[in-house]
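Coordinates in review
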Amino acid sequence: MFAEYNLVMAQAVGKRVLPGFGLSLGYTLVYLSLIVLIPLSAVFINAASMPWNEFWQVVSSPQVVSSYRVSFLTSLLAALINSFFGLLIAWSLVRYNFFGKRLVDALIDLPFALPTAVAGITLSALYAKNGWIGSLFAPLGIKIAFTPLGILIALTFIGLPFVVRTIQPVLQELSLEFEEAAATLGATRWQAFSRVVLPALLPAMLTGFALAFARAVGEYGSVIFIAGNVPMVSEITPLLIITHLEQFDVAGATAIATVMLVVSFSLLLIINGLQHWASSRKRYLTGEDVA
Amino acid sequence: MSIQVKNINKRFSTFKALDDISLDFPTGKLVALLGPSGCGKTTLLRIIAGLETADSGQILLEGSDASNLHVRERQIGFMFQHYALFQHMTVFENVAFGLRVKPKNERPAETAIRQRVTELLELVQLGSLAKRYPSQLSGGQRQRIALARALAVNPRVLLLDEPFGALDAKVRKELRRWLRQLHDELHITSIFVTHDQEEALEVADEIVLMNKGQVEQVGSPLEVFRHPATPFAFNFLGTANRFDGKWARGGVQVSEDLLPLPHTQPAHANLAEGGNVIAFARPHDLHIEPNVEGSEGIRAKISRILAFGPTARVELSHATQPETYYEVDVPTLSIASLNLHEGQAVRLRPSQLQVFPAG
Amino acid sequence: MSGMVGGIQAYHGAELYELSPATREPKWARYTILGLSLTFFAIFLLMPLLAVFVEALRKGWDVYWQAITNPDTGAAIRLTLLAAAIAIPLNVVFGVAAAWCISKFEFRGKQLLITLIDLPFSVSPVVAGLVYVLVFGAHGWFGEWLSEHNIKIIFAVPGIVLATIFVTFPFVARELIPLMQAQGTDAEEAAVSLGASGWQTFWRVTLPSIKWGLLYGVILCNARAMGEFGAVSVVSGHLRGQTTTLPLHVEILYNEYQFAAAFAVASLLALLALVTLGIKLFIEWKSA
């Protein structure tokens, strides 16, 4: 309470004392509008000027609908895989010591730093039927590259750091007392994990899942090389925007982009809500919210 | 249930947290582990609980060795400093947790669980909050729920880590009384850790005073307060005036002044004439003599008089070493009768003086 | 935990969980978790990283050297550097301005503003490229006016720069906002009360205290700027040696089945990623 009061006071005073409010806010709004808001609104304005049935025809054509399915399902699966392994990796990094831990920790961010095109061509080389990994599966009759499975691989690659980096700090700051309390009350290690730790990590896990999913839905560079881009089978939605543009069908591209933007904004809202939930919980779990 | 601690040692890298601790905690008593930060009291409590493992030594619960018993098998109730209430569970579910995680064949039926939890919530007088979440409770309420949760599994002993540490001063006082009453009702062997001497003196049946990983003194609150066994005990419990000097002429020579040992008090056995000693006197065990002419007593100057209640506190500094301070409690009435005022030169004589060999 | 000072607190990191039987897993559980984690890590992160360099050198050093010294590669490097060199300073100025007004002042709609700043992250790169086509393309809002005045933005360098700015827009701001919010306004108020002007306060008090966060934002911004593919691909037009950045050049080589050359150029970008991670580690170590 007291700290909050102080903060409010400091800001109220700051408002009067510190200079540059008008200038910085003004510049922020102008730059934001010019670079982001106005161009983005172009999508909606252009889409609104399209006749409705024309718009509907584009966004509900079988090829496009099939791309939604591919994008949605592969993104969902990739985010699920990442939630599971991301939790394991975060757990290992926080709870255990092992050889090469610092290297692992540093390289978790590789998908953030590695250009998507590089990831794309590398993954397709690895998973092609003569690649290091693809050749292991080829004798079993499993094709990975140039199938939806390849898309899944690429989306798993780019999504991993989102999950690890949202769970890791929460796990790091989770007070030991909760697990100890569970143990003194007779809970087994598994009971303590599933009933005490997991619920505490839930907001972070959901946030990580949503971030990975949102990124995967819009991903382009790492996917197109490995996807094979077979219509109705392995075409993702962003690719169809490009396809329409290459056929100089700007209107069609805009229609699909409108659908994608609506999905993105909804995900953004959900993620914001999740993060709000997570941060309100964090104060309690780290023992700051006592007395 | 009785708890015995035998020759416990614990080291954290180079830091010796516990140095050969042996203690007996009698059945049904409420014992305080008292000491300053870093004295090892919490470590000892956690070792008794099984949350930490000693490097050597034994913990006996009811006479049998518990050293190899896992924390969840020891049947102890542990209350954490910040309570560690599970925040995604209601108050009810928190208290029920210990019952719900029991193996299937030991787990009480749902109705029995409900009944037990309701009973406990009544016991801690928070029956109405069963559906709330921990974040909706005040600090004092959280503490009571944490206690109810610990009691739910019928623990053989209750271990409390700084039970009042996270509360503000007013709530703390109230809950102390409550905890004491609750203990008188339940009679469950309990140990609590505190760094607050007042808390220990007020609540405990027995105090274990610890310092630097060792036990300084064990005794009833009255014993440890009245008869501190060591200089540390004297200093830590209550306010004390400290005098560094030499043992001479049946008193303590502090620079040029002699602090006489009161006639009523037997001299400390192993004091060598001329040896360095440390002497302590409580503020109410010092007398102020306005007459500076005498040859006995410490010469001092009154720097401040705080006369708010029936007892006035007089702050003084040593006549020749102004950075040495003393505190004396006198009845407020005698401030006037002795005509004491700030800046006055006086002598201090003890009516009680505890002398320890220095070293 | 007053009794623990110098005790448990002398430990940090994973050892802490080993101390208490309550937070220690059985060995088999620990090895299973570690085994799964590290296997996943090795397959999904380590192998791709190694594969870039192995594929790049598959045809030997000569081919590698030729690929990266090719004039078209040189042009791609120059364009990539140019786009980053324009996008980064602009986004730094924006990031600082946004963080300043958000962290030092109270105003309505602040939360919305923070959300809007994050917007480019949630937009598909392809859509990011498309929006500029809609504004500046041949049939876009300013298409006619631009062609009358013979200005080319889409399928030319300005479009690439714009798309790069868009996708890297939030990086600096989102590093600085929480950092400066946590720092509060005490230091700036003290400076102002001592007679410092606004600029003096910023240069001498604020900037030194946010320099690591700023650098962090800049290197993340740089990595994305140099590596962006989708958005740039839409507005580039793929004119070899003219409007291809390094990632686009990789694509062209790859589609022409010049795999070794594609991976050679890709290895430059992978090196950039490693350098980025290295600097990131360094900053985390410095500012810890």
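Our structure's up above, just so we're on the same page.
Residues numbered from 1 in each chain as written. Chains lettered and ligands numbered in written order. Predicted model: local features only at pLDDT ≥ 70, side-chain atom pairs only at ≥ 80, totals over all residues. Heavy atoms only, no water.

Between chain C and chain A, the residue contacts involve 95 residues of the former and 95 residues of the latter. Note on chain C versus chain A: buried area summed over both sides is about 8600 Å², and carbon and sulfur give 79% of it. The tally of links between chain C and chain A comes to two salt bridges. Note that C:E25 is salt-bridged to A:R189, the shortest N-O span being 2.8 Å. Joining chain C to chain A, the criterion identifies 15 residue pairs in polar contact (both at pLDDT 80 or more). Looking at the side of chain C that touches chain A, the element that brings in the most residues is helix 2 (residues 27–56) of chain C, giving 20 residues. Its residues assigned to classes, the side of chain C that touches chain A comprises 67 nonpolar, 15 polar and 13 charged. (Contact = heavy atoms within 4.5 Å. Buried area = accessible area lost by both parts, 1.4 Å probe. Salt bridge = Lys/Arg side-chain N within 4 Å of Asp/Glu carboxyl O. Polar contact = N/O pair within 3.5 Å; in protein donor to acceptor, adjacent residues only side chain to side chain. Helix = DSSP H or I, 4+ residues; strand = E, 2+ residues; numbered from the N terminus. Nonpolar A, V, L, I, M, F, W, Y, C, P; charged D, E, K, R; others polar.)

A few words on the pattern of salt bridges. All names here are of chain B. Scanning the model with the defined rule gives 37 salt bridges over all chains in all. A salt bridge links E110 to R100; the shortest N-O distance between them is 2.8 Å. Taken as a pair, E110 in helix 3 (residues 110–123) and R100 in helix 2 (residues 91–100) lie far apart in primary sequence, 10 residues in all. A salt bridge links R176 to E198; the shortest N-O distance between them is 3.8 Å. You can see R176 sitting in helix 5 (residues 169–186) and its partner E198 sitting in helix 6 (residues 197–203), a full 22 residues away along the chain.

To continue, consider the sheet that holds strand 1 (residues 3–12) of chain B. Residues and elements named next belong to chain B. Taken in spatial order, the four strands line up as 2-1-4-5 in an open sheet, and their pairing is antiparallel. Each having just a single partner strand, strand 2 (15–25) and strand 5 (64–65) make up the two edges of the open sheet. The sheet contact formed by strand 1 and strand 4 (residues 56–61) spans five bridges and is antiparallel. The residue bridging I3 from the neighbouring strand is L61, located in strand 4. (Pairing = 2+ DSSP bridges.)

The residue C:A98 is located in helix 4 (residues 71–104) in this model. Here C:A98 falls in the buried class, since its relative accessible area comes to 0%. Residues C:A98 and C:I177, 79 residues apart in the sequence, show an inter-C-alpha distance of 7.7 Å. Contact partners of C:A98, with chain neighbours within four places excluded, come to A:T28 and C:I117. (Buried < 20%, exposed > 50% of the residue type's maximum accessible area, 1.4 Å probe, protein only.)

The next thing to look at is the sheet that holds strand 8 (residues 189–194) of chain B. Residues and elements named next belong to chain B. The mixed open sheet is built from six strands, whose spatial order is 6-7-8-3-9-10. Lying at the two open borders of the sheet, with one neighbouring strand each, are strand 6 (76–79) and strand 10 (214–219). With strand direction ignored, the average angle separating the axes of adjacent strands in the sheet is 15 degrees. Judged from the four bridges that link them, strand 3 (residues 30–34) and strand 9 (residues 206–211) form a sheet pairing that is parallel. Within strand 9, the residue paired with L33 across the bridge is V208. Across the face of the sheet, helix 4 (residues 139–152) comes into contact with strand 6 and strand 7 (157–161) while running at roughly 165 degrees to strand 6. (Axes fitted to C-alpha atoms, helices over the stretch in contact; angles between N-to-C directions.)

Taken together, the 27 residues of chain B in the interface contact 23 residues of chain A. Buried area between chain B and chain A, both sides added, is near 2400 Å², and the carbon and sulfur share of it is 62%. Summed over the shared surface of chain B and chain A, the result is one salt bridge. Residue B:R46 is joined to A:E180 by a salt bridge in which the shortest nitrogen-to-oxygen separation is 2.5 Å. Viewed at the interface, chain A and chain B are joined by four residue pairs in polar contact (both at pLDDT 80 or more). Going through the elements one at a time, strand 6, helix 2 and helix 4 of chain B are the ones with two or more residues in the side of chain B that touches chain A. Per element, the largest residue contribution to the side of chain B that touches chain A is four residues, and it comes from helix 4 of chain B.

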